[in-house]
Amino acid sequence: MMKPFSPDRVIFEPRSLDYPLGQKIHDYFEGTSTEIIKASIKKISSIIPGSTEGQRYASGKKTLVVTTKKSLKFDVCKPSADFEFSLVNGCPASCEYCYLYTTQSSKPYLRTYVNLDEIFDSIKKHISHSGDRLTTFEVASAGDPLAIEHITGSLARTIEFFGTLDKARLRVVTKFNNVDSLLGLKHNGRTRFRVSINSRYVIENFEHNTASLDERIEAASKLAVAGYPIGFIVAPIMIYDRWKEDYLELFEKLWIRLDRVKSTEPVTFELIQHRFTPAAKKVILERFPNTSLDMDESKRTLKWGKFGRYKYVYPRKDAVEIREYLTSLIGEKFPDARIEYFT
Ligand code: SF4
């Protein structure tokens, strides 16, 4: 059973304590074994201990920084949503393939933002530019807010905020399962939870400190019963010995656990094949020198990425095989589901 995340140290940027949420987080840690530090953002890197790459990485993952979000202009987030914004950057898990590694420092600490009202104002501004069109917002592209929801409660506030908005939808994705505090919220069906799932091989070998597959499916089932639209992100899909048997097992398990759960809207699936950049490969090999992650460039093809970098993806023939195989499994087990994209 997944234990709620508890950092070794929490660092408050002084301004964060001017906000009620900053104070609430401070109260949460007072009297606990977590070290409380007040420091400016510039000093954070020198406060987090570690002299080797492994130590710096581990210390970063056990550090929570409480701060404010300065830039409130949101990036476009295709194909999953119109825009992305963050309540949290980073997460306490250690997935060997994590796509965030190249955007983080060598001490990948978690950051949580306490100026929620300013973030909400910015969301309203972004909606007002879309006219009558429904605007979708992804909240988990730079981190997993559910991982520290027991500390912040900020995802709950955001879900209820979206519950009041006619023209907007919130999208959350997670590998964690502590959803109980979200079940009774007034979400009005405007937040779609997508649970990240994968084959047993991928979860057991590469997704450390995350909820187990069973825990994630149980969380999805609770959310569906609570009236949330739900979906699944199958990512990163990998080809290895017996990959077809493993993904079949995954969808059979999902079907057995979800068959009797009635969802308000069609269940969605997003399918993302494994990819890596040369920069990510370098970081992964430093952090996980014994990794069995397949990053053999000779078995991949280069694709131009939206961040101005090439990434290695499966050759077209393999990608088509992945797409067709998973599409057939979904069609067989979840005929009413909607596949939103394969990339
Ligand atoms: Fe990265 Fe997501 Fe894994 Fe966290 S849960 S380490 S953000 S892939």
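Above this text is the structure in question.
The structure presented is a predicted model; accordingly, all values stated were derived computationally and were not measured.

Rules and cut-offs
- Residues numbered from 1 in each chain as written.
- Predicted model: local features only at pLDDT ≥ 70, side-chain atom pairs only at ≥ 80, totals over all residues.
- Heavy atoms only, no water.
- Patch = residues over 30% accessible without salt bridge, like charges linked within 9 Å, V, L, I, M, F, W, Y side chains within 5 Å.
- Areas by Shrake-Rupley, 256 points an atom, 1.4 Å probe, with all protein chains shown as cover.
- Salt bridge = Lys/Arg side-chain N within 4 Å of Asp/Glu carboxyl O.
- Buried < 20%, exposed > 50% of the residue type's maximum accessible area, 1.4 Å probe, protein only.
- Pairing = 2+ DSSP bridges.
- Helix = DSSP H or I, 4+ residues; strand = E, 2+ residues; numbered from the N terminus.
- Contact = heavy atoms within 4.5 Å.
- Axes fitted to C-alpha atoms, helices over the stretch in contact; angles between N-to-C directions.
- Parallel < 35°, antiparallel > 145°, perpendicular 65-115°, else oblique.
- Left-handed = near helix turned anticlockwise from the far one by under 90°.
- Nonpolar A, V, L, I, M, F, W, Y, C, P; charged D, E, K, R; others polar.
- Right-handed = clockwise from strand over helix to strand, strands pointing away.

S.K.: Would you mind showing me how to read a nonpolar patch on the surface here?
M.R.: A cluster of nonpolar side chains, namely L302, W304 and Y310, defines an oily patch on the protein surface of about 360 Å² accessible area. Judged by relative accessible area, which is 54%, W304 ranks as exposed.

S.K.: What should I look at first to understand the sheet that holds strand β1 (residues 9-12) in this one?
M.R.: Sheet strands pair by backbone hydrogen bonding; their relative direction is either parallel or antiparallel. With respect to topology, five strands assemble into an open sheet ordered β2-β1-β3-β8-β6, the strand pairing being mixed. Two strands close off the open sheet at either side, each with one partner strand: β2 (35-38) and β6 (88-89). Pairing between β1 and β2: four bridges, direction parallel. Bridge pairing links V10 to I36 in β2. In the packing of helix α3 (residues 53-61) onto the sheet, the strands contacted are β1, β3 (63-67) and β8 (110-113), and the crossing angle to β3 comes to about 50°.

S.K.: What exactly am I supposed to notice about the environment of L64 here?
M.R.: Structurally, the position occupied by L64 is in strand β3. On the basis of relative accessibility, which here comes to 0%, the residue L64 falls in the buried class. In this structure, the C-alpha to C-alpha distance between L64 and I36, residues 28 residues apart in sequence, is 9.9 Å. Ignoring any residue separated from it by four or fewer positions in sequence, one finds L64 in contact with P7, R9, V10, I11, F29, L110, T112, I148 and I151.

S.K.: Is there a simple way to think about the sheet that holds strand β10 (residues 168-174) in this case?
M.R.: The sheet built from eight strands is open, its strands ordered β4-β5-β9-β10-β11-β13-β14-β17 with mixed pairing. The open sheet has two free edges, formed respectively by β4 (75-77) and β17 (338-342), since each of these has just one partner strand. For this sheet the average axis-to-axis angle between neighbouring strands, irrespective of direction, equals 30°. Here strand β11 (residues 191-197) pairs with strand β13 (residues 230-237) via five bridges, running parallel. The residue bridging V195 from the neighbouring strand is F232, located in β13. The strands touched by helix α6 (residues 154-163) are β9 (135-138), β10 and β11; relative to β10, the strand with the most contacts, the crossing angle is about 150°.

S.K.: Any chance you could explain the packing of helix α8 (residues 213-225) against helix α9 (residues 243-258) here in plain terms?
M.R.: Between two packed helices, what matters for the description is the angle formed by their axes and the separation of those axes. Running from N to C, α8 and α9 point in directions that differ by 40°, and their axes come no closer than 10 Å. Looking at the two axes, α8 sits oblique to α9. Crossing geometry of α8 relative to α9 is assigned as right-handed. Across the interface between the two elements, L213, D214, I217, E218 and S221 of α8 pack against L250, K253, L254, R257 and L258 of α9.

S.K.: What is the right way to read the packing of helix α4 (residues 116-128) against α6 from this model?
M.R.: Interaxial distance between α4 and α6 falls to 11 Å at its minimum, and their mutual angle equals 30°. By the angle between their directions, the pair α4 and α6 is classed as roughly parallel. Note on packing geometry: the crossing formed by α4 with α6 is right-handed. Residues L116, D117, F120, I123 and K124 of α4 pack against S154, R157, T158, F161 and F162 of α6. Here the contact of α4 with α6 is built from residues that sort into five nonpolar, two polar and three charged.

S.K.: Could you clarify how one ought to interpret the pairing of β13 in this entry?
M.R.: Along a regular strand, successive side chains alternate from one face of the sheet to the other. Within β13, eight of the eight residues are buried, which leaves it mostly tucked inside the rest of the structure. Judged from the five bridges that link them, β13 and strand β14 (residues 268-273) form a sheet pairing that is parallel. Each residue of the ladder has a partner; that of F232, found in β14, is F269. Between the parallel pair β13 and β14, the chain is carried across by α9, and the sense of this crossover is right-handed.

Without other data, these values stay purely geometric and don't point to any function.
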